[in-house]
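Given next are the chains, with one letter for each unit.
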2 protein chains.
Amino acid sequence: MKLTVVKIGGNVIDNPAFCEQFLKDFSDIPAPKILVHGGGKVATQVAEKLGIETVMVEGRRITDKAMLDVVTMVYGGLVNKSLVAQIQHFGDNAIGLTGADAGVILSKKRLVKAIDYGFVGDIEQVNSTFIASLLEQGIVPVFAPLTYDKEGNMLNTNADTQAQAIAVAMTETYEVNLVYCFEKKGVLSNPDDDDSVISVLKPADYESYKASGAINKGMIPKLDNAFKALTDGVAQVTICHAREVKLAVKDGIAGTKIIQ
Amino acid sequence: MKLTVVKIGGNVIDNPAFCEQFLKDFSDIPAPKILVHGGGKVATQVAEKLGIETVMVEGRRITDKAMLDVVTMVYGGLVNKSLVAQIQHFGDNAIGLTGADAGVILSKKRLVKAIDYGFVGDIEQVNSTFIASLLEQGIVPVFAPLTYDKEGNMLNTNADTQAQAIAVAMTETYEVNLVYCFEKKGVLSNPDDDDSVISVLKPADYESYKASGAINKGMIPKLDNAFKALTDGVAQVTICHAREVKLAVKDGIAGTKIIQ
């Protein structure tokens, strides 16, 4: 059976009208389906008002205990439950989850190397049986980017990686289609030209684009996740604009198709 | 089959050491079991830092849109997920839920009468089938005091009432024991004497204590919920100190036993 896993980025969440349209489109995608969401700027805004400084290193948030409380509130509470309530309103029976809920995504606190990211988790295990039991009941799981360290703590976790890990885990029982949605039309061959979408990206091309600098920064971990998903058994991976999610799922003709 | 529904008040949540001991004791209670938690002062503290004024009328929070976001963050995110992670750590497989998740508790925004409570919900329906499916998988549902209005919005909901509604709904398939835990030893015959615990409370006594003013304020809605639970089919209702939860569940000899 086919399963669609959609990841939605923080930039979509930050724009209420854009997000609402995305959720309407998401409701038109046939079940079974899963949504994984990123964080967005709300966490930074809430942290600032609470007097907690946001420190980013290479686009990743440093998560001390105070910041962990903020992301648990904002990602696991405000963002996750707002998405769940809206998805319910558009007709799907959504359930919001963090990795701690039903022990569904277990992770390990990242070891301190050059940078101490703090309470940040690297995923070790996805409980695909529990997720499948929800899907079989017609329920749409909506994941916040938070996982569980098995020792009583939440861990802040990269949503792209989480979507990949969930997609891979579900290949045990499903033919999985993974779609990364964000605010660009796809992977660009020229970062300054929003229309320079690469329609099909193979590993050799990826290496060339990286070498030339055309693909850089945040696109690199996203694409590493995309290729890893394919290597580990996901049937199809697409990176596209959030407003093209239906096209990407239905025909696979939107955005950038990642192939091996 | 027996089911234990425990409600834990905000005063317990506000004290980390007290809360941890309670969760350890809760982990010793045999499954199936459900935890319903209140809010605590964290929402007020977070609201204050965010520049949102807290207005309470007769012990109830007035919930405008800004305050709804705060309680969704704090109750649905920070408090709920912290409890879930700790319960996981003590060995039970907990899942955190608001009423929007899997549409498990549907409510209606309270009509404006003398007081406009704002985004506050009165419960209309509890999806006992979904809750039972979790219990059958050995999962412990942990409910935040938030419900869903079926129109895309969360609603702030009284946790005592929510515990009662869940307990009543589960009587379809279970013999339900409802335990309200808080920071007093039980219902007191003299509010100024913490040891004046009424061991058994019948409706007629309740009316007398109310008439004399010995039972007043926040105890009245709590006891109204307790009596309604019994009327609607819950087998046993106890109001006790959080540190006596195991005694209350095991032998029914702690705190105040509510009887018809």
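Residues numbered from 1 in each chain as written. Chains lettered and ligands numbered in written order. Predicted model: local features only at pLDDT ≥ 70, side-chain atom pairs only at ≥ 80, totals over all residues. Heavy atoms only, no water.

### Focus: the overall build of chain A
Applied cut-off: Elements are defined by DSSP. Helices are runs of H or I of four residues or more, strands are runs of E of two residues or more, and each kind is numbered from the N terminus. Burial status follows relative accessibility: with a 1.4 Å probe on protein chains alone, a residue under 20% of its type maximum counts as buried, one over 50% as exposed, and anything between as partly exposed. All accessible areas in this document rest on Shrake-Rupley with a 1.4 Å probe, and a residue is counted as covered only by the protein chains that are shown. We count Lys and Arg on the positive side and Asp and Glu on the negative side, and we leave His and both chain ends out. To locate a charge, take atom NZ for lysine, CZ for arginine, CG for aspartate or CD for glutamate.
Secondary structure assignment for chain A yields nine helices and 14 strands. When its C-alpha atoms are laid out on the principal axes, chain A stretches across 45 × 40 × 35 Å. Of all 260 residues assigned to chain A, the portion counted as buried reaches 57%. Carbon together with sulfur atoms contributes 49% to the accessible area of chain A, which is approximately 10500 Å² in total. Taken as two groups, the 26 positive and 31 negative side-chain charges of chain A have centres that lie 1 Å from each other.

### Some words on the packing of helix α5 (residues 128–136) of chain B against helix α6 (residues 159–170) of chain B
Residue and element names in this part refer to chain B. Just so we agree on the cut-off: Where helices are involved, their axes are fitted lines through C-alpha atoms of the stretch in contact, as for all axes, and angles between N-to-C directions lie from 0 to 180°. Working rule for angles: under 35 degrees goes down as roughly parallel, over 145 as roughly antiparallel, 65 to 115 as roughly perpendicular, anything else as oblique. Contacts between residues were defined by any pair of non-hydrogen atoms, one from each residue, lying within 4.5 Å.
For the pair α5 and α6, interaxial distance at closest approach is 10 Å and the crossing angle is 80°. One element, α5, and the other, α6, form an angle in the roughly perpendicular class. Across from Ser128, Ile131, Ala132 and Leu135 in α5, the residues of α6 making contact are Ile166, Ala169 and Met170.

### Brief notes about the relation of the copies chain B and chain A
Note the cut-off: Only residues with pLDDT of at least 70 in both copies count here: their C-alpha atoms drive the least-squares fit that superposes the copies.
Least-squares fitting of chain B to chain A yields an RMSD of 0.0 Å, with the superposition described by an axial translation of 0.0 Å and a rotation of 180°. Taken together, the rotation and translation describe the operation of a two-fold axis. For chain B, the minimum C-alpha distance to the rotation axis belongs to glycine 77 of chain B and amounts to 1.8 Å. By residue overlap, the copies meet face to face through one surface: 100% of the interface positions of chain B are interface positions in chain A.

### Focus on the packing of aromatic side chains
For clarity, the cut-off: Classification of ring pairs rests on two measures: the distance between centres of Phe, Tyr or Trp rings, Trp counted by its six-membered ring, which must be within 6.5 Å, and the angle between planes, read as stacked under 30 degrees, edge-to-face over 60 and tilted in between. Cation placement over rings: the criterion is NZ of Lys or CZ of Arg within 6 Å of the ring centroid and within 35° of the ring normal.
Taken as a whole, this structure holds four aromatic pairs over all chains when the rule is applied. Judged by centre distance (5.1 Å) and plane angle (20°), the ring pair of tyrosine 206 of chain A and phenylalanine 227 of chain A falls under stacked. Placement of tyrosine 206 of chain A in helix α7 (residues 203–212) and of phenylalanine 227 of chain A in helix α8 (residues 219–231) is noted, with a sequence separation of 21 residues between them. Across the pair, exposure class does not vary: tyrosine 206 of chain A and phenylalanine 227 of chain A are buried alike. Both rings, one in phenylalanine 22 of chain B and one in phenylalanine 26 of chain B, keep their centres 6.1 Å apart while their planes meet at 25°; by these two values the pair is stacked. Taken together, the residues span about one helical turn, with phenylalanine 22 of chain B and phenylalanine 26 of chain B both in helix α2 (residues 16–28) at a distance of four residues. The ring of phenylalanine 26 of chain B is capped by lysine 33 of chain B, whose NZ or CZ atom sits 4.9 Å from the centre of that ring.

### Looking at the sheet that holds strand β2 (residues 33–37) of chain B
Remark on secondary structure: sheet strands pair via backbone hydrogen bonds, oriented parallel or antiparallel. Residue and element names in this part refer to chain B. Note the cut-off: Any two strands are treated as partners once DSSP identifies two or more bridges connecting them.
Here we have eight strands laid out as an open sheet, ordered β5-β8-β2-β1-β11-β13-β14-β12, and mixed in their pairing. Pairing within the sheet leaves two strands with one partner each, and these edge strands are β5 (93–97) and β12 (200–201). Sheet topology note: the β5/strand β8 (residues 139–143) ladder contains five bridges and is parallel. Bridge pairing links leucine 97 to phenylalanine 143 in β8. α2 contacts β1 (2–8), β2, β8, β11 (175–182) and β13 (236–241) of the sheet and is inclined by roughly 160° relative to β2. Where helix α8 (residues 219–231) meets the sheet, its contacts fall on β1, β11, β12, β13 and β14 (256–258), and the angle it forms with β13 comes to roughly 150°.

### Some remarks on the UniProt feature "site: Transition state stabilizer" (unreviewed entry) in chain A
Residue and element names in this part refer to chain A. Put simply, the rule is: UniProt positions are given in the numbering used here, feature names are shortened, and annotations may be inferred rather than shown by experiment.
Using the residue numbers shown here, the UniProt feature "site: Transition state stabilizer" (unreviewed entry) corresponds to Lys7 and Lys222. In sequence the annotated residues extend across 216 residues, while in space they remain close, none of their C-alpha pairs exceeding 10.9 Å. One can find lysine 7 in strand β1 (residues 2–8). Its relative accessible area of 6% is what places lysine 7 among the buried residues. Excluding residues within four positions of it along the chain, lysine 7 makes contact with Val36, Gly38, Ala159, Asp160, Ala163, Val179, Tyr180, Cys181 and Lys222.

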